[in-house]
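# Remarks on the overall topology
Now for the letters of each chain:
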Amino acid sequence: MAVSTRRIALGAIFGAMILAINGFVPAPTSDFLIVFQSLFLALSYLVVGRGGATYVGVVSGALITAVKIGFFPVDLVFAAMFGVLVDVMAVLFRVQEQGRARTPRLMASMMVSTGVVGLAAFYVSVIAFPSAFVNVPHDPVTDLTILIFGVASGAIAGAVGARLWNRNLMARFYNRY
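Before going into details, it helps to say that this report is about the structure given with it. (Residues numbered from 1 in each chain as written. Predicted model: local features only at pLDDT ≥ 70, side-chain atom pairs only at ≥ 80, totals over all residues. Heavy atoms only, no water.)

### Things to note about the overall build of the protein
A tally of regular secondary structure across the protein gives 6 helices and 2 strands. For 177 residues, the compact-globule estimate of 2.2 N^0.38 gives 16 Å, and the protein sits close to it at 16 Å. For the C-alpha atoms alone, the extent of the protein along its principal axes is close to 50 × 30 × 20 Å. Across the protein, every contact between residues at least 6 apart in sequence was considered, and the portion connecting residues at least 24 apart equals 73%. Of the accessible surface of the protein, which amounts to about 9,100 Å², a share of 70% is contributed by carbon and sulfur atoms. Once the 12 positive and 6 negative side-chain charges of the protein are each reduced to a mean point, those two points are 20 Å apart. (Helix = DSSP H or I, 4+ residues; strand = E, 2+ residues; numbered from the N terminus. Rg over C-alpha atoms; globule rule 2.2 N^0.38 Å. Contact = heavy atoms within 4.5 Å. Areas by Shrake-Rupley, 256 points an atom, 1.4 Å probe, with all protein chains shown as cover. Lys, Arg positive; Asp, Glu negative; His and termini not counted. Charge placed at Lys NZ, Arg CZ, Asp CG, Glu CD.)

Structural data, given as structure tokens:
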């Protein structure tokens, strides 16, 4: 019972924080703020465990979709996909060992997750359906900068998330419920 309550509360809080940071900024500028979404997804995996990042991704995607209705279902799909990838990569990279976050592994899992989501979003908006995204300016330099910055943001989010977890949050949340 406590884990599902924690998951709902965390999804609502982190989803609202992602909305407040990313939701009202137009694309492609909002793509540079992925570091915050990455951090909240990494922390949600560490706090809740498997499925935590997926839940926060779905909640944040639904909230952002409500604000940016013109990008439905793209924002919802990519936010959910990002959460799923964070959960899957964190499990595959085994980012937790006896409760402690392994910083290099969390950084790597977040880099892979942000890179895959960034490439998928780039493919959908620039290559597959460019006519659906005419309001989003695209030029090669900006697109490449966003992809590089996204992967670097994943590394930063993984490092900061691991530090926050190991130094502050683990004592509060690990094996408490």
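### Some details on the packing of aromatic side chains
One pass over the structure, following the stated rule, counts 2 aromatic pairs. Taking the centre distance of 5.0 Å and the plane angle of 35° together, the rings of Phe14 and Phe40 count as tilted. Linking Phe14 in helix α1 (residues 2-22) with Phe40 in helix α2 (residues 34-48), this pair joins segments that are 26 residues apart in sequence. On the accessibility criterion, Phe14 (11% relative accessible area) is buried. (Phe/Tyr/Trp six-rings, centres within 6.5 Å; stacked < 30°, edge-to-face > 60°. Buried < 20%, exposed > 50% of the residue type's maximum accessible area, 1.4 Å probe, protein only.)

### Notes on helix α4 (residues 74-92)
With 19 residues, α4 should reach 27 Å at 1.5 Å per residue; the first-to-last C-alpha distance of 26 Å fits that figure. Restricting attention to buried positions, one finds in α4 the residues Phe78, Ala79, Ala80, Phe82, Gly83, Leu85, Val86, Asp87, Met89 and Ala90. Residues of α4 that are buried in the fold lie against α2, α3 (52-67) and α5 (103-128). Immediately beyond the C-terminal end of α4, within one or two residues, lies Arg94, with a positive phi of roughly 50°. (Expected span 1.5 Å × (residues − 1).)

### Looking at a nonpolar patch on the surface
A surface patch of nonpolar side chains, amounting to about 250 Å² of accessible area, comprises Val84, Val88 and Leu92. Considering the arrangement of structural elements, one finds Val88 in helix α4. Val88 sits in the partly exposed class, given a relative accessible area of 39%. (Patch = residues over 30% accessible without salt bridge, like charges linked within 9 Å, V, L, I, M, F, W, Y side chains within 5 Å. Salt bridge = Lys/Arg side-chain N within 4 Å of Asp/Glu carboxyl O.)

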